Amino acid sequence: MAGRWLIGMAAAFLAVTAPAGARSRSGASVALDLPEIANGIVASVEDGVTLTLDDGRVLRLAGLLAPAPPLTMGQDASWPSAEAARRALADLTLGKNVSLHAAQPAPDRHNRLVGQLVAADGTWLQPVLLRQGADRVEPAPNAGTVAAPLLKAEAEARRRHKGLWRLPAYGVRTPETLTARDTGSFVLVEGRVLSIAPTHEATYLDFAQDWHHGFTVRIPHGVLQRASGFDPAALEGRRIRVRGWLVYEGRPILDLADLAALEPLPGRRKPPAPP
């Protein structure tokens, strides 16, 4: 089971990192294959992932997270990267016709329609914003086929230090640098999984010998149940990149919302140290 799952994860990783021409389907087709749930002229852009059509409907770009001021500064604080993300989306959409594509047409709890945004010429706009470094990827539950091209676009911006990736505040973290001060923040973390601990409610990936105080990724059983063939034990000794919202429960913990938020990194597995 572990071997089959690692092969599948390796294939997913190659799909993220392979050149666009190496895949049989273009990124735009991934979004356009989803049903259209809204279209219209963009009347205003509220932030890097939210806009309003001329008929009053509010659209939210799925799978993206816009920069925002730290919680300690308050929501109305000036934050240059947040304004840059809003301008990037406005430059692409304001006064123009767009369509929104999603498998689920129901609005979210804020009465926003959530999906993949497509310009009138067929351009899928989420990857465009990610390649500019305007936003980051935040995989939603059941991210499906859209996750790989979004992660690829973000990785391109990260390699080129575009947009927010020029700023230390948005850099990829290591487990040792995470503290209680990071509570409530969205982080990208790269490190080696040293041990796996399954429980009745979740499976824990520990990145420190002293798991009581070190960084941990918590994978709820609901996420595991959605992933056919996923074997967490196959990750022991391997380097991975994870992303999500950090909580602090005597140690920094990242709750994984979807397996798309977990990326195996190249390199050999390192056998766990003897007890």
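Everything numeric here is computed off the predicted structure, so don't read it as measured data.

**Section: the overall build of the protein chain**
Then step 1. Looking only at helices and strands, the protein chain features 6 helices and 14 strands.
Then step 2. The buried share among the 275 residues of the protein chain stands at 46%.
Then step 3. A fraction of 64% describes how many contacts in the protein chain between residues 6 or more apart in sequence connect residues 24 or more apart.
Then step 4. If you sum the accessible surface of the protein chain, you get close to 13900 Å²; carbon and sulfur atoms cover 56% of it.

**Focus on the pairing of strand β6 (residues 113-119)**
Then step 1. Of all 7 residues that make up β6, 6 are buried, and the element is covered over most of its length.
Then step 2. Looking at chain direction, strand β5 (residues 97-101) and β6 are connected through 4 bridges and run antiparallel. Within β6, the residue paired with L100 across the bridge is L117.

**Observations concerning the environment of P105**
Then step 1. Residue placement: P105 occurs in the loop between β5 and β6.
Then step 2. Taking relative accessible area as the criterion, P105 reaches 49% and is therefore assigned partly exposed.
Then step 3. P105 sits 67 residues away from A38 along the chain, and the two C-alpha atoms are 8.7 Å apart.
Then step 4. Aside from chain neighbours lying at most four places away, what touches P105 is I37 and L113.

**Regarding the sheet that holds β6**
Then step 1. The strand order β1-β2-β3-β6-β5 describes a closed barrel built from 5 strands, whose pairing is mixed. Recorded for the sheet is a direction-independent mean angle of 55° between the axes of neighbouring strands.
Then step 2. Pairing analysis gives 5 bridges linking strand β1 (residues 36-47) to β5, with the strands arranged antiparallel. Looking at the pairing, I41 lines up with N97 of β5.
Then step 3. Along the sheet face, helix α3 (residues 80-93) touches β1, β2 (50-53), β3 (58-61), β5 and β6 and points at about 130° away from the line of β1.

Cut-offs used in this document
Residues numbered from 1 in each chain as written. Predicted model: local features only at pLDDT ≥ 70, side-chain atom pairs only at ≥ 80, totals over all residues. Heavy atoms only, no water. Helix = DSSP H or I, 4+ residues; strand = E, 2+ residues; numbered from the N terminus. Buried < 20%, exposed > 50% of the residue type's maximum accessible area, 1.4 Å probe, protein only. Contact = heavy atoms within 4.5 Å. Areas by Shrake-Rupley, 256 points an atom, 1.4 Å probe, with all protein chains shown as cover. Pairing = 2+ DSSP bridges. Axes fitted to C-alpha atoms, helices over the stretch in contact; angles between N-to-C directions.

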